[in-house]
Amino acid sequence: MSARTREADVVVIGGGPAGLASAASAADAGAKVVLVDRNRELGGILNQCIHDGFGLHAFGEVLTGPEFAARYIDRAFDAGVEVHPNTTVAELEASRELVCTTLGERYPLRAASVVLAMGCRERTRGMLQIPGTRPAGVYTAGTAQWLTNMRNLRVGKKILILGSGDIGLIMARRLTWEGAEVVGVVELLPYPSGLPRNITQCLEDYGIPLHLSHSATCIHGRERVESVTVARFDGRRQPVPGTEFEIECDTLLLSVGLIPENELSRRVGVRLDATTSGAFVDDRHMTNVPGVFSCGNVLHIHDLADWAAEEGARAGTQAAAYALGGPAKGGAKPIRIEPGDGIRYVVPQTASRGSKELLVSFRVTAPDENRTAEVLADGRVLASEDLRRAHPAEMVQMKVGCADGLDADRLEVRLT
Amino acid sequence: MTTKRLTCILCPNGCEVEVSYSGEPTPESISVDGNTCPRGVDYAIEELTAPKRTLTTSVLVYGGTQPQASVKTACPIPRESLFDAREALRRIAVDAPVAIGDVVASDIAGTGVDVIVTRPVPCSP
Ligand SMILES: Cc1cc2nc3c(=O)[nH]c(=O)nc-3n(C[C@H](O)[C@H](O)[C@H](O)COP(=O)(O)OP(=O)(O)OC[C@H]3O[C@@H](n4cnc5c(N)ncnc54)[C@H](O)[C@@H]3O)c2cc1C
Ligand code: SF4
C-alpha cells in the first residue's frame, strides 16, 4: 500500500481491454501512468468470456477472452504502467483528484488527466418489469457466465433465454455443452440483436429455436422458475392477444442489453448522450470536463473487444498529450457530428476544427442490405462506404481524411 | 442443383455466403458466392463436407486461486466430436499453477488435437 504512487500524469479507471490499452499507450507516450481496477485480476469482463472469437482484428489470430486480455496485460506492464488492483475509485473531482478504496483503506490519487474505462453492466429484470412471481432461477446472462466459467456452478437444467444479445447466445451454447437443455431464445425485435455468426454457431448448430417478435409476459413458479408465458409482440411492442404459449423451464436468462457504468462520470459532471448512455466526447475522446477522457464500453457499447481496446489506445495517447502538454490553446468552436437518416448514434459527438483525420464509430437503426454510409460536412460528402449488410448489432467505423483541415458548421453521418 | 445460404463464422464479419452444388457436396462440386475473402470458400466447403468447431470450456484445478482453468482445443475439431471431447474433459483435473498454452489433454476424443489452457491460474497463497 505505502509503495503506491499518489500522483501521476494519467490515471486510468478500469482494467478491461479499453483501460489496459489506454494505460499502455499513455505510458508509451512518456506519461507516468497508474491503472486502478476493483478486481484482483486485470482483464475486466474478458476473464469470464472463455469462448473464442477475440483478437482477429487486433492480432490476426483467433483468441479466447482471457488470452486476449493477457496480451494487453503484458503490454501495460511492459510499458511501465503502475497497477493498483483490488481498488475502487470511490470519488472523482473535476480537478482530477480521486479517492481510492482498497481493503477498507482510503487514499488520495491526483492526476493531470483521467481516462474513464469502467465498462458496462447488464440490464436486469427490474428494468424490464416482467409480471409474475419472483422465484429463484432468474439470472442475467453475464451472471450465469460468471457462475459457470469462474465459479464452476450449474445455473439450471432447462433454460429459456430472453433477448438475443451476444452474451445470451454464447451462454446458450456453453450451457448446451455443459449438459443443460436450452429450450429457446425469445426476442422482442423482428431481428436478432446478436452477431449473425453467433446465431449460426450457438443456436442453429444445436437446433435451439429462436422466437423473433416474441417476449415474456409472465414468469411462473413458487420457489424456482417453473415456466414462462411467451407471446407474439406487434410493431408497437404490445403483446398480441391469443398468441400466448407457455414454455417449461427451471431457469430464465436475461440477455437484454448493456448499460455503460457512468455513476462516477455523472457525479463529476460529465455530460451524457441520451442514446449511448455514455459521455459526449470530442475527437480526442475528451468529455466536457477538461482532462477527463472516456473509452470502451463506458463510452458506448462495443460488440468487439478489439475495437474497445483500439479506442482505449487512442484515448490514452490523447490523455498523455493533455497531461504532458497542457490544455490545447485553440478555442475554436468544435464541430457537431450528428446522426442522420438510418443512423442511431455517432461517436465522437464533436470534432475539432482543422483536424486532418477523423474516425467515426456508429450504429444503424435497422437491418438492411446494400446501403451506403456517408459522412457529410454541411451537406458535402467527405467520405462514403458501401455496406453490403447493415445491422444494429454491428458497430461500423469510418475514417474521414481531410487534408486541408476540417472546417464546417456541422457534420452528419447518414445512410443512403 | 442444391442451393444453400450459410453464415461464415471464421470472423466477426459473418458473411452470408451462397453455396450451390449438384449431387453430393464435394470440394470440386461446390461453388461459393458472397464471401468477402478467400477463407469464406474454405469455410463453405468444410461446412458442407466435414464441419468443424473449436471447443472452449474449463477443467478443474486443484490448489489454485480459481476452481477451474479455461481451456480450448488447439484447433477446430469435427463437430460431431464436441460432446465426446467435453465429456472426456470432465474427468480431467490439473494442479496449479497452470499457464496459457499448457497442454491438459492430447488427442482429445480421438481427434488428434491437444487441449490447451487459455487462462493462467496461479497457486493459492
Ligand atoms: C457479461 C459480458 C460478456 C461479454 N462478452 C463479450 C464477448 O463475448 N465478446 C466481446 O467481444 N465482447 C463481449 N462483451 C463486451 C465486452 O465487455 C467489451 O467488448 C469489452 O470487454 C469492453 O472492455 P472495457 O475495457 O470497456 O470494459 P470491461 O472489460 O467491462 O472492464 C471494465 C473494468 O473496470 C473496472 N471498474 C469499473 N468501475 C470501477 C471503479 N469505480 N473503480 C475501479 N475499477 C472499476 C471493472 O472492474 C472492470 O475490470 C461482454 C460484456 C459483458 C458485460
Ligand atoms: S468470408 Fe472472409 S470476411 Fe467473410 S466472414 Fe468469412 S472469413 Fe470473414
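Notes on the structure follow. What you see is a predicted model, and the numbers here were worked out from it, not measured in a lab.

Considerations on the packing of aromatic side chains
Residue and element names in this part refer to chain A.
Logical step 1: Taken as a whole, this structure holds six aromatic pairs over all chains when the rule is applied.
Logical step 2: Ring plane angle 75° and centroid distance 6.0 Å describe the contact between Phe293 and Tyr322, whose orientation is recorded as edge-to-face. Highlighted residues: Phe293 in strand 19 (residues 292–294) and Tyr322 in helix 9 (residues 305–325), separated in sequence by 29 residues. In terms of burial, Phe293 and Tyr322 fall into one category: buried.
Logical step 3: One aromatic cluster in this structure is built from Phe54, Phe59, Phe68 and Tyr72.
Logical step 4: If you follow Arg271 out to its NZ or CZ, it ends over the ring of Phe280, 3.8 Å from the centre.

Overview of the sheet that holds strand 15 (residues 227–232) of chain A
Residues and elements named next belong to chain A.
Logical step 1: Overall, antiparallel pairing links the three strands, which are arranged 14-15-16 in an open sheet. Of all the strands in the sheet, just strand 14 (214–220) and strand 16 (245–248) have a single pairing partner and so form its edges. On average, each strand axis in the sheet is tilted by 35° relative to the strand beside it, whichever way the strands run.
Logical step 2: Of the strand pairs in this sheet, strand 15 and strand 16 are connected by four bridges, and their pairing is antiparallel. Each bridged residue has a counterpart across the sheet, and for Ser227 the counterpart in strand 16 is Glu248.

Concerning the layout of surface pockets
Gaps left between atoms show up when a probe the size of a water molecule is rolled over them.
Logical step 1: A volume near 1,300 Å³ is recorded for the second largest pocket.
Logical step 2: Lining the second largest pocket are 48 residues, and of these Arg389 and Glu394 of chain A together with Asn13, Gly14 and Cys15 of chain B sit closest to its centre.
Logical step 3: Taken together, the elements giving at least two residues each to the lining of the second largest pocket come down to helix 2 (56–59), helix 7 (196–203), strand 24 (368–377), strand 25 (380–390) and strand 26 (396–401) of chain A together with strand 1 (2–7), strand 2 (16–21) and helix 1 (39–49) of chain B.
Logical step 4: Element by element, the count of residues in the lining of the second largest pocket is highest for strand 25 of chain A, at six residues.
Logical step 5: Split into classes, the residues belonging to the lining of the second largest pocket amount to 20 nonpolar, 11 polar and 17 charged.

A few points about the site of ligand 1
All names here are of chain A.
Logical step 1: As a structural note, the neighbourhood of ligand 1 is formed by 35 residues, with Ala18, Asp37, His51, Val89 and Asn297 the closest of them.
Logical step 2: Within the backbone of Pro17, one N or O atom sits 3.3 Å away from an oxygen atom of ligand 1.
Logical step 3: For ligand 1, an oxygen atom lies 3.0 Å from a polar atom in the backbone of Asp303.
Logical step 4: Burial of ligand 1 by the protein chains amounts to 93% of its free accessible area of 980 Å².
Logical step 5: Where the shell around ligand 1 is concerned, the elements lending two or more residues are helix 1 (17–28), strand 6 (87–92), helix 5 (141–150) and helix 9.
Logical step 6: Across the shell around ligand 1, the residue classes break down as 17 nonpolar, 15 polar and three charged.
Logical step 7: Both of domain 1 (1–121 + 258–330) and domain 2 (124–256) provide at least three residues apiece to the shell around ligand 1.

About the cut-offs
- Residues numbered from 1 in each chain as written.
- Chains lettered and ligands numbered in written order.
- Predicted model: local features only at pLDDT ≥ 70, side-chain atom pairs only at ≥ 80, totals over all residues.
- Heavy atoms only, no water.
- Phe/Tyr/Trp six-rings, centres within 6.5 Å; stacked < 30°, edge-to-face > 60°.
- Helix = DSSP H or I, 4+ residues; strand = E, 2+ residues; numbered from the N terminus.
- Buried < 20%, exposed > 50% of the residue type's maximum accessible area, 1.4 Å probe, protein only.
- Lys NZ or Arg CZ within 6 Å of the ring centre and 35° of its normal.
- Pairing = 2+ DSSP bridges.
- Axes fitted to C-alpha atoms, helices over the stretch in contact; angles between N-to-C directions.
- 1 Å grid on protein atoms, 1.4 Å probe; cavity = no way out; pocket = protein on both sides within 12 Å on 5 of 7 lines; lining within 4 Å.
- Points joined across faces, edges and corners; volume = space filled by probe spheres on them.
- Nonpolar A, V, L, I, M, F, W, Y, C, P; charged D, E, K, R; others polar.
- Near = heavy atom within 4 Å.
- Polar contact = N/O pair within 3.5 Å; in protein donor to acceptor, adjacent residues only side chain to side chain.
- Areas by Shrake-Rupley, 256 points an atom, 1.4 Å probe, with all protein chains shown as cover.
- Domains from an automatic or database assignment.

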